[in-house]
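Each chain, letter by letter, is given below.
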Amino acid sequence: MGAAGIAAYLTTTFAVSVALLLAGDTPPRTRGQFCQATPGYRFSFPRDHFEHRCFRTEWWYFTGNLTSNDGRRFGFELTFFRQAVDNPYQNPSRWRIDDLYLAHFAVSDLQSGKFFYTERLNRAGIELAGADHSRGRIWNGDWSAEIRGTGLDESWSVDASDGGYKIHLVMRPEKAPVLHAESGLSRKSAGAGNASYYYSLTRLRTSGSLVVNGTAYEVTGLSWMDHEFFTHSMAPNQSGWDWVSLQMDDGTEWMLYRFRRADGSRDPFSSGTFVDRNGKATHLRASDFEMQPLETWRSPHSGANYPVAWRIVVPRLSFQAEIRTSLPDQELVSAVTSGLTYWEGSIVVRATQHGSSTSGRGYLEMTGYAGPISPMLNPK
Amino acid sequence: MLGGRRTGDRLRTALSIAAVALGVGVILAIQLANRSSIGSFENSLEEISGRTNLSITGADGIDELLLPRLADMLDSAVKLSPVLDSTAVAADTGEVIQILGVDLVQDKAFRDLTMQGGETGTRDSLLLLIDPQSLLLSEAFAERHHLHDGSQIPLLVNDRQDNYTVRGILKLQGPAKAMGGNFAVMDIAAAQLAFGRLGKLDRIDLIVPPSKLSETESKLSGSLPAGLRAEPPQSRVQQANKMLRAFRWNLAALSYVSLVVGAFLIYNTIAVSVVRRRAEIGTLRSLGSTRGQILRLFLSEAVLLGLAGGLAGVAVGRALAGLALQLVSGTVNTLYVAATPAPIHLDIGIVAEALGVGVVAAFVSALLPALEATAVEPAEALQRGAHERQGRLHSARHAAAGLVALALAGGAALLPPVGKFPFFGYVSALLLIVAFSYFMPLLLLWTMRILDRPLLYFAGIEGQTAGRGLASSPSRISVLTMSLATAVAMMASVAIMVGSFRQTVEVWASQTLRADLFLKPAAQRIGTAATISADAIELVRSTPGVEAVDPFRALDVIYQGSPAVLGSGEWSTLVRHGNLLFTDGRAPIEVLKNPSHDAVVSEPMAIHHHIRKGQQIELDTPAGKFKFNVAGVYYDYSNDRGTIVIDRAVYRRLFQDDTASTLAVYVAPGINAEEVRADLFQRMGKRGYRYLITPNATLQRAVLRVFDRTFAITYALELVAIAVAALGIANAFLAFIIERRREIGILRVLGATRGQLRKIVLSEAALVGLLGNLAGWLMGVLLSLVLIFVINKQSFGWTIQFSYPATFLAVSGAAILLVAVAAGLYPARVAARFVPAEVISIE
C-alpha cells in the first residue's frame, strides 16, 4: 500500500471526476480537475509503472531485505512520492509547480541495530524530479529507479545515496505485476472514487552493492515494489493503517493491510492479497484475515507506541504467522514534511500454512500512531 | 619636556597635538568610510551566499537549461541552486529592496530562510510557491513598515508597479540581514515572471565538498559556455573592490595631505624646542650625556607628540567617520554599486594603524631638528644667553636642491601608472612640495628684499621691522610659510582640478546629451538592473510627436578580468540625432559606419586596457566569443570602468535580449517636448508602466549635481587641511614670537609701544600669509597639472580640459590672508605683554 498518509489527508479541494479512462493511459490533468479511481481501468506495462499526473497522489515504493556476502543482514526503503498541487496561476516559467516530489531513503543495519533515513523534496523544475515513461525513469534528484529491458529481460536499476549511505541495486521481477483487490482497484472507504489503483512487484530478485556508514557490502536478496495512484481514498474516521508485505521462503507472498478507526472499530475496507508460487493472486477481504498486535515499542523520537510484533491469521487459506523485528527503531520522522511520522521496517516472519511451517522476511508499515498526519506540503 | 614652562609653550604643544590629531583623524575617517561604504555589500553578499562556495555567473544571466547539464556532469555530492538576484523599489518609500529568487523547495541547504513563528500554514506555503506575486519579507523591513503575513506591498519591478503579497516574515538572520534588512525572497518561478527573466538565471550557486572544490573548478572552467565564470562568491566583492579601487586610493591619498601639513608643524615645534633648549642640551652634554641620548630625547618628544596626536586623532577620526561615510557612500551609490553603508566599526588594528601613522609622521618630521640638537657642544652650556644660532643659508645649495627636486617631479609625472594606481603621480606631487621647501627661504629673502621699501611706505617703520625680522631667520619662517603654502597649494590644485573637471563634464553633457527626453524604469537605481520591456519601447515609438527613439542597453560585464560596461544603442539613430565626442575629432557619421562588426570604446576603457583605434577586441557573448573592430574612442565621464558600445541589432542577436536600460527620445521638430512627456506619462501609466521621464535640461543639471556630490568629500578634505594649516600658522607664530622675545624686549627697551609691537607681529603674520598664498598658489597650479594630467588620467582615464577658477581662488586667497592675520592675533597679544626687564634678564 505504500507509506505515509501524507496525501490522503491533503484533499482539501474536491475534484470532479473526468474519468473516461482509456486502457493504459490517463488523460493529462486539466486545472482543478483530477481523475478518480473507478472500475474498468486496464493496466498496461511498462507504461503504468510511470506517472499518472491526472491523479492527485502517486507513490512508488521499493523495500527489501538484503544479505551481504559475509551474512550481514540489511533492510532498505526507497520511496518516491508525487503530490499534485492545484495551481490556478498563469506562469510559463519552467519552475512552475504543478506537482511536488518527495522521496525517502532508509537503510536498516539489522546486525548493529542502526537505522538511517533521509528525505528530499523537489519540484519537477528542469528535470529535477519526475516519473517519465519515455525515459523509463522515476527519479528525485540523483535518486532513481530506472527500468531496463522488457518482458523477461525487464529489470530495475535502483540508486540512492546520501553521505555515507548508498544503494546501487539491480532488481529482476520473478513474477508479473500483481493487481490488488478488484483488478487493481483498491477501495479505501465508502463512496465511488474513494479508491486507488494499486499493484505490486512482489518478488524482485535483487543484487548489487550497499554502502552503510561508509562501508561497502556486496548484497543479494528480495525486494518488493508498490505503485499506487489516486485522488481520494481514506475517510475522516480512518486514523491510520498497518500494512505488511511478506516474502516467504516457499515462493509465495502476502500483502495485508488494516485500517484503524478513531473509535477502535473494525474497518470493512481492510484488504489483502495472497500470491502463490506461480504468481496467481487471491484477493482477501477484511473478513478473511486478522491482525493482532503482540508487543509495542515506544518511540523516543515521537513518543508513539508502535506494535512491532503481530500475529496474523488467514483462516480461509489455513495461514498463521508471527512477525517480529530485530530492530524496533525504524521510525521515520520527516523534517521537510511536518507531522509525517511513520514506522517502516524490516521484519522476519515464522508461519504455518496447511500444517507445514515456513518462514520469510518482509516489511511492516504503520502510520497514524504519532498523532494525526498533517499535510505534507509544508516546506519549512 | 612636553608641557613646557610657559603658557605659550603649553599652547604650542596643544596646537601640534591638535594638528596631528586632525591629520590622523582625517586619514582614519576616510579609511573607516572606505571600508564601510560597501561594507553592507560585502556582508550582504556573505549573508546571501549562505553556504555557497562556488557561483556560476554571466553578464546577461545564464540559460537555465545549463542546470541539468551541470547536475549530470558534476559529482553527485555537489549541490546546485538556481538564483535570480535582483532589486525592486518599494513604491511608497522609494527604498531599494534586494529580491532573491531561489527554488524555495530546495534552497534550505544553501541559505537560512527561517520564518517568524516557525512555519506558515499549508495554504500560505503553497501560495508562496505558486502565486507569482508572493514573497517572504525580512523582519527588519516588515517591522519598519508595519507589514505582516498577508500584507500587500506595492513594488516597482523593472518598468511596472504591482502589488505583492507577504506570505511570511523572515527572521533577522542569514540573508534577511542583507541590505540592512531591505531584503525579500521569492520562489524562482515567481521571480522569473516578475522580472521578465523566463528561461534565465542570474547565478547558479554551488555547494561543493571542500575535497572536490579544485576538481569541480577545473571541470567547470573547461566546459562552461563562453561568458560564464565559476568563482567563489567572495570574488563578487573583489570585483566591486576593483571597481572602487581608483576612487578609494585617491581618496586615501588625498586624506594624507592634512598629515603632510601637520608634519611641517611638528618639524617646527621640535626645531623650536631644540633652539630653546640649547643651554639645557649643553648642560646635559657637559654632564656626560651622549649625542645618542640627546637624539633619543628629542625623538621621544616627537613620538610622544605623535602618540598623543594619534590618540586624539582616533577620537577625531571616529567622530568624522560618520560624515565621511555619508559623503563616500553617496558617491559609491551614485557611481558604482548600490550598497547601504555598514555601521562604522573601530577595531584594534585600525586604531593601531592610526597611532602608527601619527607616530611615524612625528618621528620623521622631528628627525632633522633632533639631529641638529646633537650638534650642540657641551661648551655652549656655559655661554649664557645663547640664542638661535641662525643657520647660515646656503642659497646656491638650496636653489640647486630645489631645481633637482623640480626636475625629478617633472620626470615622475611622465612615468606610467603602477597597476592602475598613479604611484609616480603622487611621487611627483611630493617632489613638488620638496622643491618648494627648498625654494621657500630664497623666496622669503627675495620677497622681503623687494618689499623692504614698500613696507616702510605702506606700513611704516613697524612694517619694515616686521619684514626684516622675517628675513633675519629664513629657515624657521620658511617652514612656517611652507605649512601654509602646502595647504593653499592643495586647496588651489584641487579647486583647479575639480573646476576644470566640472567645466569639461558640463561641456561634454551639453554636446552629447542631445535627446529631448530620457526615459528610465522607475525601479532603476545605480547598480540595479531594471530594464525596459520591448513592448514599452514600442509604445514610446508609437507615441505621437516622437520622431526617434534610441534604446540603450547597459550590461555589467567582465573584460579581461576587470569590470566594464557593455552598451548597445541604435547607431543609425545616434548618427542622425545624437552625438558622441570622439577623441580624434571625427563626427559620429564618420566613425559609426560599420555597425555589424565595429565597436567604439570610451576613453577610460581605451586607457585602462590599452585599446587603440583599429584594434580588435574580443567579447564573451552567450553566442560565443565575438570579435569587434574598434572604430573609435569617445570621451565619456559616466563611469571610470570603461564602456564598449556596439550596435543594438548586433547585441540583440548575440545576447537574445530585446530590453533596454534607458531610452533617448527625440521629439519631432516643432513639437513641444513637455507635451510629449505628459502624453507618454499618460499612455504608459495606463498600461501599468512606471517611468521616470527627464527633460534634457533637467538631466544636464542632474549630471552636474551628481558631479558636485561626488566631489563633496574632496572639498571636505580640503577644509580640514586648511584648518590644520591654520593651527600650524598659529603654532608657528607663537614659536616665532617666543623665539623673538629678545628682539621684542630690546624693541620695548628702545621705546617701542605695545601698539607698535602688536602692529609688528600682525604685519609679520600678514607677510607670512601673503608669501604662503603666493607660493601656495604657484605650487597649486603645478600640482593641479599633475592631478589633471597624471593622477586623474591614470586612475580614472578621463581627459580634463584645464580651466582656471579665478574668482574662487581670488576669494579663497583673501580668506587665507585673513586667517593668517587672525592667527597672528594671539602672539601679538603675547608680545605686547612682555615685560622688557624680565626678557632681557634671561639673556
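Residues numbered from 1 in each chain as written. Chains lettered and ligands numbered in written order. Predicted model: local features only at pLDDT ≥ 70, side-chain atom pairs only at ≥ 80, totals over all residues.

Along its length, chain B carries 26 helices and 18 strands. The principal-axis extent of the C-alpha atoms belonging to chain B is close to 100 × 65 × 50 Å. Relative to its full complement of 843 residues, chain B shows a buried share of 52%. Contacts in chain B between residues far apart in sequence, at least 24 positions, make up 85% of those at least 6 positions apart. (Helix = DSSP H or I, 4+ residues; strand = E, 2+ residues; numbered from the N terminus. Buried ≥ 20, exposed ≤ 12 C-beta atoms within 10 Å, placed from the backbone. Contact = placed C-beta atoms within 7 Å.)

Residue and element names in this part refer to chain B. Counting 310 residues, the largest nonpolar core has Ile-266, Ala-324, Leu-432, Phe-436, Ala-487 and Ala-721 as its most contacted members. Residue contributions to this core peak at 19 residues, all from helix H15 (residues 474–512). Residue contacts for Leu-432: discarding those within four places in its chain leaves Ala-409, Met-779, Leu-782, Leu-783 and Val-786. Membership of the second largest hydrophobic core comes to 30 residues, among which are Val-565, Val-600, Tyr-634 and Ile-646. (Core = buried A, V, L, I, M, F, W, Y, C linked by C-beta atoms within 7 Å.)

All names here are of chain A. On average, residues of chain A score 87 in pLDDT, and 88% of them reach the 70 mark or higher. At the low end of the mean pLDDT range in chain A sits strand E21 (residues 331–333), at 91; at the high end sits strand E9 (residues 165–173), at 97. Contacts from residues 1–25, a stretch scored under 50 in pLDDT, to residues over four places away or in other chains number 69 contacts. (pLDDT = per-residue confidence, 0-100.)

Time to look at unusual backbone geometry. In this structure, the amide linkage connecting Phe-45 of chain A to the following residue, Pro-46 of chain A, adopts the cis form with an omega of 10°. Structurally, the position occupied by Pro-46 of chain A is in the segment before strand E1 (57–68). Even without being glycine, Ser-183 of chain A reaches a positive phi, approximately 50°. You can see Ser-183 of chain A is positioned in the loop between strand E10 (178–179) and strand E11 (185–187). A count of 15 C-beta atoms within 10 Å places Ser-183 of chain A in the partly exposed class. Positive phi is not limited to glycine here, since Gln-560 of chain B has a value of about 45°. The class of Gln-560 of chain B is exposed, set by 9 C-beta atoms lying within 10 Å.

A few words on the sheet that holds strand E17 (residues 662–667) of chain B. Residue and element names in this part refer to chain B. Spatial ordering of the open sheet is given by E14-E15-E13-E16-E12-E11-E17-E10-E18, a layout of 9 strands whose pairing is mixed. The sheet is open, and its two edges are formed by strand E14 (616–621) and strand E18 (691–695), each paired on a single side. The sheet shows a mean angle of 30° between the axes of neighbouring strands, taken without regard to direction. By the bridge criterion, 5 bridges tie strand E12 (residues 562–569) to strand E16 (residues 643–647) in an arrangement that is parallel. Across the sheet, residue Val-565 finds its bridge partner in E16, namely Thr-643. (Pairing = 2+ DSSP bridges. Axes fitted to C-alpha atoms, helices over the stretch in contact; angles between N-to-C directions.)

This part covers the packing of helix H24 (residues 754–795) of chain B against helix H25 (residues 806–833) of chain B. All names here are of chain B. Running from N to C, H24 and H25 point in directions that differ by 150°, and their axes come no closer than 8 Å. Considering their axes alone, H24 and H25 lie roughly antiparallel with respect to each other. Considering how the two elements wind past one another, H24 and H25 form a crossing that is right-handed. (Parallel < 35°, antiparallel > 145°, perpendicular 65-115°, else oblique. Left-handed = near helix turned anticlockwise from the far one by under 90°.)

Another point: the interface of chain A and chain B. Between chain A and chain B, the residue contacts involve 25 residues of the former and 22 residues of the latter. Here the residues of the side of chain A that touches chain B are counted per class, giving 11 nonpolar, 8 polar and 6 charged. (Nonpolar A, V, L, I, M, F, W, Y, C, P; charged D, E, K, R; others polar.)

Bringing the confidence of the model for chain B into the picture now. This prediction gives chain B a mean pLDDT of 84; 93% of its residues lie at or above 70. Both confidence scores are given for the complex: pTM 0.76, ipTM 0.86.

Residue and element names in this part refer to chain B. The end-to-end C-alpha distance of helix H21 (residues 673–686), which contains 14 residues, comes to 20 Å, matching closely the 20 Å that a straight helix rising 1.5 Å per residue would cover. Where H21 is concerned, the buried positions are Ala-673, Val-676, Arg-677, Leu-680 and Met-684. Within H21, the buried residues cover an arc of 100° as seen down the axis, which keeps them to one side. When the buried face of H21 is taken as reference, the exposed residues oriented beyond 90 degrees from it are Glu-674, Glu-675, Ala-678, Gln-682, Gly-685 and Lys-686. On its buried face, H21 is in contact with strand E10 (517–521), helix H16 (534–541), strand E11 (546–559), E17 and E18. (Expected span 1.5 Å × (residues − 1). Arc of directions from axis to C-beta.)

A few words on the pairing of E10 of chain B. All names here are of chain B. Of all 5 residues in E10, 5 are buried; the element is thus mostly enclosed. Pairing of E10 with E17, which is carried by 3 bridges, proceeds in the antiparallel orientation. Bridged to Phe-518 within E17 is Ala-664. Sheet topology places E10 next to E18; 5 bridges connect them, and they run antiparallel. By the bridge assignment for E18, Leu-517 is matched with Pro-695.

Residues and elements named next belong to chain A. Pairing of strand E5 (residues 129–132) with strand E6 (residues 137–140) involves 4 bridges; the strand directions are antiparallel. What sits directly across from Gly-130, in E6, is Trp-139. With antiparallel pairing between neighbouring strands as the criterion, E5 and E6 make up a hairpin whose turn holds 4 residues, including Gly-136 at a positive phi of roughly 60°.

Residue and element names in this part refer to chain B. Under the domain assignment, chain B is made up of domain 1 (53–232) and domain 2 (523–689). Of note, the centres of domain 1 and domain 2, computed from C-alpha atoms alone, are 29 Å apart. Mapped onto the side of domain 1 that touches domain 2, the elements with two or more residues apiece are strand E1 (54–63), strand E2 (79–90), strand E5 (152–157) and strand E6 (160–170). No other element matches the 4 residues that E2 contributes to the side of domain 1 that touches domain 2. (Domains from an automatic or database assignment.)

Take Trp-446 of chain B: it is sitting in helix H14 (residues 423–472). C-alpha of Trp-446 of chain B to C-alpha of Ala-471 of chain B: the two residues are 25 residues apart in sequence and 8.9 Å apart in space.

All right, on to the packing of helix H13 (residues 395–413) of chain B against H14 of chain B then. Any two packed helices are characterised by the angle at which their axes cross and by the distance between the axes. All names here are of chain B. Packing of H13 against H14 brings their axes to within 8 Å, and their N-to-C directions diverge by 165°. In terms of orientation, H13 lies roughly antiparallel with respect to H14. Regarding H13 and H14, the two cross each other, and that crossing is left-handed. Residues Ser-395, His-398, Ala-399, Ala-401, Gly-402, Ala-405, Leu-406, Leu-408, Ala-409, Ala-412 and Ala-413 of H13 form the contact with H14, whose participating residues are Phe-424, Gly-425, Val-427, Ser-428, Leu-431, Leu-432, Val-434, Ala-435, Tyr-438, Phe-439, Pro-441 and Leu-442. Residue composition of the contact of H13 with H14, grouped by class: 18 nonpolar, 5 polar and no charged.

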